[in-house]
Amino acid sequence: YYIKAGKELKNLLKIDKIPLLIEAYDVSHWSGKIMVGACAMFKEGKYQKNSFRKFRIKFTKNVNDPQMIYEILKRRLNHKDWPLPDIILIDGGKAQFNYALKALKEHNLENYVKIISIAKPTGTIFYDKNKSINLNLLPYVLGQLIKNIDKKIHNLTINYHRRLRNSIITKND
């Protein structure tokens, strides 16, 4: 399953090899309060449980999901000891894609790591500065891979946010 999806991803992104490592990112907040982000690694399409990273948003002051993606990606890229992924998948639209690309460029990594971003509910996949495609137009296995990774990071981020929010609310009661 992954080899076929990996080949399709290689073709879509016009890269030299089948990508083995994909890092996925998402953010969550409660009306601008308790803002968090998360990152998880997928090796050959399989979630690597020990790779889950949680981020409290420190520098983004207003509800600004693209800026939050930028912040957590910048902070993640400062960890030189973490292996670089082949692809970064962002839960978000074109603005999130552009902010993630900005973070990569600031680390001179835009030629080494590719970004894809998925905008829900439209299912639009952004994969280059000016290129997008609807998820339903992708080959089935590639669409499933992207959906599965996006769903996993979304759920991980939401669960982290809920646990944090509940612990803060409990402390304040």
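Just above, that's the structure.
Residues numbered from 1 in each chain as written. Predicted model: local features only at pLDDT ≥ 70, side-chain atom pairs only at ≥ 80, totals over all residues. Heavy atoms only, no water.

### Quick word on the pairing of strand S7 (residues 131-134)
Bridge count for strand S6 (residues 124-128) against S7 is four bridges, and the pairing is antiparallel. If you follow Ile 125 over to S7, its bridge partner there is Ile 133. Between S6 and S7, which pair antiparallel and follow one another directly, the connecting turn spans two residues. (Pairing = 2+ DSSP bridges. Helix = DSSP H or I, 4+ residues; strand = E, 2+ residues; numbered from the N terminus.)

### Looking at the sheet that holds strand S4 (residues 87-91)
Across the sheet, seven strands lie side by side as S3-S2-S1-S4-S5-S6-S7; this open sheet has mixed pairing. With partners counted over all chains shown, the strands left at the sheet margins are strand S3 (46-56) and S7, one partner each. Averaged over all pairs of adjacent strands, the angle between their axes in this sheet comes to 20°, without regard to strand direction. Inspection of the sheet shows strand S5 (residues 114-119) paired to S6 by three bridges, in the antiparallel sense. Looking at S6, one finds that Ser 117 is bridged to Phe 126. Contacts from helix H1 (residues 2-13) reach strand S1 (21-30), S4, S5 and S6, with the element oriented near 100° to S5. Of the strands in this sheet, S1, strand S2 (33-43), S3 and S4 are in contact with helix H2 (residues 65-77), which crosses S1 at around 130°. (Axes fitted to C-alpha atoms, helices over the stretch in contact; angles between N-to-C directions. Contact = heavy atoms within 4.5 Å.)

### Regarding the pattern of salt bridges
Counted according to the given criterion, the structure contains seven salt bridges. Asp 91 is the partner of Lys 120 in a salt bridge, and the nearest nitrogen-oxygen pair spans 2.6 Å. Highlighted residues: Lys 120 in the loop between S5 and S6 and Asp 91 in strand S4, separated in sequence by 29 residues. The class for Lys 120 is partly exposed, based on a relative accessible area of 43%. Linking Lys 120 and Asp 150 is a salt bridge whose minimum nitrogen-to-oxygen distance equals 3.0 Å. One end of the pair, Lys 120, is in the loop between S5 and S6; the other, Asp 150, is in helix H4 (residues 140-172), with 30 residues separating them in the sequence. Residue class for Asp 150 comes out buried when judged on its relative accessible area of 4%. Through salt bridges that share partners, Asp 91, Lys 120 and Asp 150 make up one connected network. (Salt bridge = Lys/Arg side-chain N within 4 Å of Asp/Glu carboxyl O. Buried < 20%, exposed > 50% of the residue type's maximum accessible area, 1.4 Å probe, protein only.)

### Considering the packing of aromatic side chains
Applying the stated rule across the entire model yields two aromatic pairs. Each ring, one from Tyr 70 and one from Tyr 99, has its centre 6.2 Å from the other, and the planes form 75°; the classification is edge-to-face. With a gap of 29 residues between them, Tyr 70 in helix H2 and Tyr 99 in helix H3 (residues 94-106) connect regions that are remote in the sequence. When its relative accessible area of 13% is taken as the criterion, Tyr 70 is described as buried. Residue Tyr 99 is classed as partly exposed on the basis of its relative accessible area of 27%. (Phe/Tyr/Trp six-rings, centres within 6.5 Å; stacked < 30°, edge-to-face > 60°.)

### Some words on H3
Its 13 residues give H3 an end-to-end C-alpha distance of 18 Å, which sits within 8% of 18 Å, the value for a rise of 1.5 Å per residue. Every buried residue of H3 is listed here: Gln 96, Phe 97, Ala 100, Leu 101, Ala 103 and Leu 104. Buried residues along H3 cover an arc of 155° about the axis, so they all sit on one side. Lining the buried residues of H3 we find H2, S4, S5 and S6. Two residues or fewer past H3, Asn 108 is found with a positive phi of approximately 55°. (Expected span 1.5 Å × (residues − 1). Arc of directions from axis to C-beta.)

### Observations concerning unusual backbone geometry
Cis geometry marks the peptide bond from Lys 120 to Pro 121, where omega comes out at 5°. The backbone of Glu 44 sits at a positive phi, close to 50°, despite the residue not being glycine. By secondary structure assignment, the location of Glu 44 is in the loop between S2 and S3. Judged by relative accessible area, Glu 44 falls into the partly exposed class, the value being 37%. The backbone phi angle of Asn 108 is positive, close to 55°, even though this residue is not glycine.

So far we have only geometry, and geometry alone does not tell us how the molecule works.
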